[in-house]
Amino acid sequence: MMRRIAALTLLSLALLHPAQAAPLQVVDAASGKQISGATVVEAGQALQADAQGDFDPQGNTGTLFVRAPGYRAGNFDLAAPPADGKLLLAPFTPHALYLSVYGAGSHALLGNALALAQSGAVNALVVDIKGDSGIIPYPSAVPLVQQDGARRITTIPDLAAFVRMLHARGIYAIARIVTFKDDALATYRPDLAVHTASGAPFRDRENMAWTDPFQPEVRAYDIAIATEAAQAGFDEIQFDYLRFPDASQTLQFAHPISAPARVATIAGFLAEARQQLRPYNVYISADIFGYVCWNRNDTGIGQTLDAVAPNVDYISPMLYPSGFQFGIPGYPNPVEHAYDIVYLSLQQAQQRLNISPLRFRPWLQAFTDYAFDHRPFAGEEIGEQTRAASVFGSDGWMLWNPRNDYSNTGLNPAAEPFQPDTAPAPAPLPRPGG
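Definitions and cut-offs
Residues numbered from 1 in each chain as written. Predicted model: local features only at pLDDT ≥ 70, side-chain atom pairs only at ≥ 80, totals over all residues. Heavy atoms only, no water. Core = buried A, V, L, I, M, F, W, Y, C linked by side-chain atoms within 4.5 Å. Buried < 20%, exposed > 50% of the residue type's maximum accessible area, 1.4 Å probe, protein only. Contact = heavy atoms within 4.5 Å. Pairing = 2+ DSSP bridges. Helix = DSSP H or I, 4+ residues; strand = E, 2+ residues; numbered from the N terminus. Axes fitted to C-alpha atoms, helices over the stretch in contact; angles between N-to-C directions. Parallel < 35°, antiparallel > 145°, perpendicular 65-115°, else oblique. Left-handed = near helix turned anticlockwise from the far one by under 90°. Polar contact = N/O pair within 3.5 Å; in protein donor to acceptor, adjacent residues only side chain to side chain. Nonpolar A, V, L, I, M, F, W, Y, C, P; charged D, E, K, R; others polar.

Examining the nonpolar core
- Counting residues in hydrophobic clusters, the biggest one holds 125 residues, and the most contacted among them are Leu125, Ile129 and Phe239.
- Residue contacts for Phe239: discarding those within four places in its chain leaves Ile177, Thr179, Ala226, Phe269, Leu270, Ala273, Ile284, Ser285, Ala286 and Asp287.

Rendered as structure tokens:
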């Protein structure tokens, strides 16, 4: 009898105080080296591996999400961890092409991009999930999307199937979401829009209306779209136009405007998005102006390195030499020095933040110069930029061509372009990113 009581007591104690899960370690699958500072999510709660890749799981069941810049994300079963306690992440360096809302549905443009991937010239695509005018090219279930005119065209009939098609070809899939520049939503809901001092809706140089980043409903709208992309299986969510509009005139917002308010709002949006996207083990990146790498203020738009970096996995500065109209120190004509513009800008940002170079993946110029001598950016100029990113040690690069035409990039396509089973669509010229 006493033996039975003792056994029951031990069982009760075990139920009240379950055995602590064994420590685990995040490791590079290729080299076997520990991965410092990996992000771990268990039951919706974020943990952080230490400098040796070690962390203590909180339980013994469920799925463990693990990711680190420079690696493919990994899912691990806590009920059956590796015997040696090592969670292996595969190193990965994305070399990406951009596809617009229209390019994603074009036999020719998507087919050529897939051919470049098939040849090994690239291994990732950045695809518009919410385009420059607010267009959403897939059947979204977000209620406001059904009302605001964003669903004017469908170029991706089944978002999850589209992602599966990319993954089947080994392609890393990045969902680009144009955030606060949103003509569709701002026109439909003027109460959510940015206004001029007179109270009229603000429109930028392209006659596009913007939504107000202060508005909670605006932020929720963009995060809901990001969540759909994550649910569809995208590897990464990329927020573009993650800023306040730049304008010479006085603008009105829902709250008083100041540099600290702008910076806090952009950082707050990213923190909110990061929290809500935790259940999907998806990387988050933010596009920033190239000059943000150099400027100590918020460039008048709410973007600072210090505010953006803690809330994303990757920082993606737009390092188009044509975008540096005022040059950088020692380089008054940036298009003549594409390598230096890319390398020095990345170096400047990395030194200011004191973080790993793998936290950066820059946008590079694959379009004709518009600011200096109108030279084409073809194989030589693109090669200088990609080499600069590689020498710096960034986690790859992304090529921006608004026409989605990469035939003059110096990348080597496969002999026969792959023709995806996707409805063709017209491919008008989108605007450069921002």
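Concerning the sheet that holds strand 5 (residues 63–67)
- The strand order across the open sheet formed by four strands is 3-2-5-6, and the pairing between neighbours is antiparallel. The open sheet terminates on both sides in strands that have one partner only, identified here as strand 3 (45–48) and strand 6 (74–77). Taking each pair of neighbouring strands and ignoring which way they run, the sheet shows an average axis angle of 25°.

With respect to the pairing of strand 14 (residues 283–289)
- Among the seven residues that make up strand 14, six are buried, leaving the element largely enclosed by the rest of the structure.
- In terms of strand pairing, strand 12 (residues 236–240) meets strand 14 through four bridges, oriented parallel. Within the sheet, the bridge partner assigned to Glu236 lies in strand 14 and is Tyr283.
- When strand 14 meets strand 15 (residues 314–318), the two strands line up parallel, connected through five bridges. When the bridges of strand 15 are listed, Ser285 appears paired with Tyr314.

What about the pairing of strand 8 (residues 95–99)?
- Summarising burial for strand 8: four of the five residues are buried, a large majority.
- When strand 8 meets strand 17 (residues 397–400), the two strands line up parallel, connected through three bridges. The partner of His95 across the bridge, within strand 17, is Trp397.
- The pairing of strand 8 with strand 9 (residues 124–130) spans four bridges and is parallel. Its bridge partner lying in strand 9, Ala96 is registered against Ala124.

Observations concerning the sheet that holds strand 4 (residues 54–55)
- Strand order across the open sheet formed by three strands is 4-1-7, with mixed pairing between neighbours. At either end of the open sheet lies a strand with only one pairing partner, and these are strand 4 and strand 7 (86–89).
- With four bridges joining them, strand 1 (residues 24–28) and strand 7 adopt parallel strand pairing. From the neighbouring strand, Gln25 faces strand 7, where its bridge partner is Lys86.

Some points on the packing of helix 3 (residues 159–168) against helix 5 (residues 216–232)
- For the pair helix 3 and helix 5, interaxial distance at closest approach is 8 Å and the crossing angle is 50°. As far as their axial angle goes, helix 5 and helix 3 are oblique. Helix 3 and helix 5 meet at a crossing whose hand is right-handed. Residue-level contacts link Leu159, Ala160 and Val163 of helix 3 to Glu228, Ala229 and Ala232 of helix 5.

Here's the deal with the environment of Asp373
- Inspection of the secondary structure assignment puts Asp373 in the loop between strand 16 (363–365) and helix 9 (379–392).
- For Asp373, a relative accessible area of 38% translates into the label partly exposed.
- In sequence terms Asp373 and Glu336 are 37 residues apart; their C-alpha atoms lie 9.5 Å from each other.
- A polar side-chain atom of Asp373 sits 2.6 Å from a polar atom in the side chain of Arg375.

A few points about the packing of helix 8 (residues 338–353) against helix 9
- Closest axis-to-axis distance for the helix 8/helix 9 pair is 7 Å, and the angle between their directions is 25°. The pairing of helix 8 with helix 9 is recorded here as roughly parallel in orientation. Helix-helix and strand crossings are classified by hand; for helix 8 and helix 9 the assignment is right-handed. Together, Ala338, Tyr339, Val342, Tyr343, Leu346, Gln347 and Gln350 of helix 8 and Glu381, Glu384, Gln385, Arg387, Ala388, Ala389, Val391 and Phe392 of helix 9 make up the contact between the two elements.
- A per-class count over the contact of helix 8 with helix 9 returns nine nonpolar, three polar and three charged.

Read these as geometric descriptors, not functional statements.
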